[in-house]
Amino acid sequence: MDSLINQNRPPVFCPGCSHDRSVRALDKALGNLGVGPADAAIVSDIGCSGLFDVFFNTHALHGLHGRALTYAAGIKLAQPGLKVVVTMGDGGLGIGGAHLLAACRRNLDLTLLVLNNFNFCMTGGQFSCTTPPEAGVGSGFLNCLERPMDVGTVAVAAGAPFVTRCSVYDKDLVDKIQAAIAFEGFSLVDI
């Protein structure tokens, strides 16, 4: 299948950003599954992961920070035949944490790609819910006040039936995203 990348708005990220690899891997996974433009919806919120919806020639919804999973659930319920992929950073995940728990419990056929860079990068590197305590971040010592959330452990505890974690540089990134999209039920890939 041809690429679903929007040639009128191709992916552009800061030099060295790993999000470009995630875009390309998602595109390849959708192509390997034979998913066409009318068969998929990309749902995002804000931040760099929130740009994904414009980078693809698919249905798209760009919403409020932390709320992408709620929009995705509505889309899936209204159009059950669509492959619905949500892209969310660790910032949106923390802000919409209750929505993550509900999505895991509800087990709708959604795929969540968490682009986890362990901080709010677009706003100067403040700590997020996944920032390790020893990390040097723009918000100083604040990440030392809370223990970081392990996205995979929380999702499994909430009942998510498919959870995997990988680096954006793993050779099997496309395979993991593809398996998550092909899975019938809620799937989460912590990248």
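Residues numbered from 1 in each chain as written. Predicted model: local features only at pLDDT ≥ 70, side-chain atom pairs only at ≥ 80, totals over all residues. Heavy atoms only, no water.

**A short note on the overall build of the protein chain**
Consideration 1: Within the protein chain, the regular secondary structure consists of seven helices and eight strands.
Consideration 2: Of all intrachain contacts in the protein chain linking residues separated by at least 6 positions in sequence, the fraction that spans at least 24 positions is 63%.
Consideration 3: Element-wise, carbon and sulfur atoms account for 57% of the exposed surface of the protein chain, whose accessible area totals about 8,900 Å². (Helix = DSSP H or I, 4+ residues; strand = E, 2+ residues; numbered from the N terminus. Contact = heavy atoms within 4.5 Å. Areas by Shrake-Rupley, 256 points an atom, 1.4 Å probe, with all protein chains shown as cover.)

**Side note on helix 1 (residues 19-32)**
Consideration 1: The end-to-end C-alpha distance of helix 1 is 20 Å, a good match for the 20 Å that 14 residues give at a rise of 1.5 Å each.
Consideration 2: The secondary structure elements touched by the buried residues of helix 1 are strand 1 (40-44), helix 2 (52-55), strand 3 (83-89), strand 4 (110-115) and helix 7 (173-182).
Consideration 3: G34, located one to two residues past helix 1, shows a positive phi value of around 75°. (Expected span 1.5 Å × (residues − 1).)

**Re the side chain of T87**
Consideration 1: Here T87 shows up in strand 3.
Consideration 2: A polar atom in the side chain of T87 sits 2.9 Å from the backbone oxygen of S49.
Consideration 3: Each residue touching T87, except ones within four places of it in the same chain, is listed here: V43, S44, D45, S49, F52 and L113. (Polar contact = N/O pair within 3.5 Å; in protein donor to acceptor, adjacent residues only side chain to side chain.)

**Considering the packing of aromatic side chains**
Consideration 1: Scanning the model with the defined rule gives three aromatic pairs in all.
Consideration 2: With a centroid separation of 6.2 Å and an interplanar angle of 50°, the aromatic rings of F13 and F52 are classed as tilted. Placement of the pair is F13 in the segment before helix 1 and F52 in helix 2, with a sequence separation of 39 residues. Residue F13 shares its accessibility class with F52, and that shared class is buried. (Phe/Tyr/Trp six-rings, centres within 6.5 Å; stacked < 30°, edge-to-face > 60°. Buried < 20%, exposed > 50% of the residue type's maximum accessible area, 1.4 Å probe, protein only.)

**What to know about the nonpolar core**
Consideration 1: Residues L26, F52, F56, I177 and I191 are the most contacted members of the largest nonpolar core, which totals 27 residues.
Consideration 2: When contributions to this core are tallied by element, the ones reaching two or more residues are helix 1, strand 1, helix 2, strand 4 and helix 7.
Consideration 3: Those residues within four positions of F52 in sequence are excluded, and the remaining contacts are F13, H19, S22, V23, L26, I42, T87 and L115.
Consideration 4: Formed by 25 residues, the second largest nonpolar core is a distinct cluster that contains A72, V151, A160 and F186. (Core = buried A, V, L, I, M, F, W, Y, C linked by side-chain atoms within 4.5 Å.)

**Quick word on the side chain of S187**
Consideration 1: Inspection of the secondary structure assignment puts S187 in strand 8 (residues 187-190).
Consideration 2: For S187, a relative accessible area of 0% gives the class buried.
Consideration 3: When residues no more than four places from it in sequence are discounted, the contact partners of S187 are L110, T111, L112, F162, A180 and I181.

**Description of the pattern of salt bridges**
Consideration 1: Evaluated as defined, the whole model comprises four salt bridges.
Consideration 2: In this structure, D109 and K76 form a salt bridge, with 3.6 Å as the shortest nitrogen-oxygen distance. Of this pair, D109 sits in the loop between helix 5 (97-106) and strand 4 while K76 is found in helix 3 (residues 68-78), placing the two residues 33 residues apart along the sequence.
Consideration 3: Looking at D109, the relative accessible area reads 22%, which means it is partly exposed.
Consideration 4: Residue D150 is joined to R165 by a salt bridge in which the shortest nitrogen-to-oxygen separation is 2.6 Å. One end of the pair, D150, is in the loop between strand 6 (126-127) and helix 6 (151-157); the other, R165, is in strand 7 (residues 162-165), and 15 residues separate them in sequence.
Consideration 5: Accessibility expressed as a relative area gives 33% for D150, which makes it partly exposed.
Consideration 6: If you follow the salt bridges from partner to partner, you end up with D150, R165 and D190 in one network. (Salt bridge = Lys/Arg side-chain N within 4 Å of Asp/Glu carboxyl O.)

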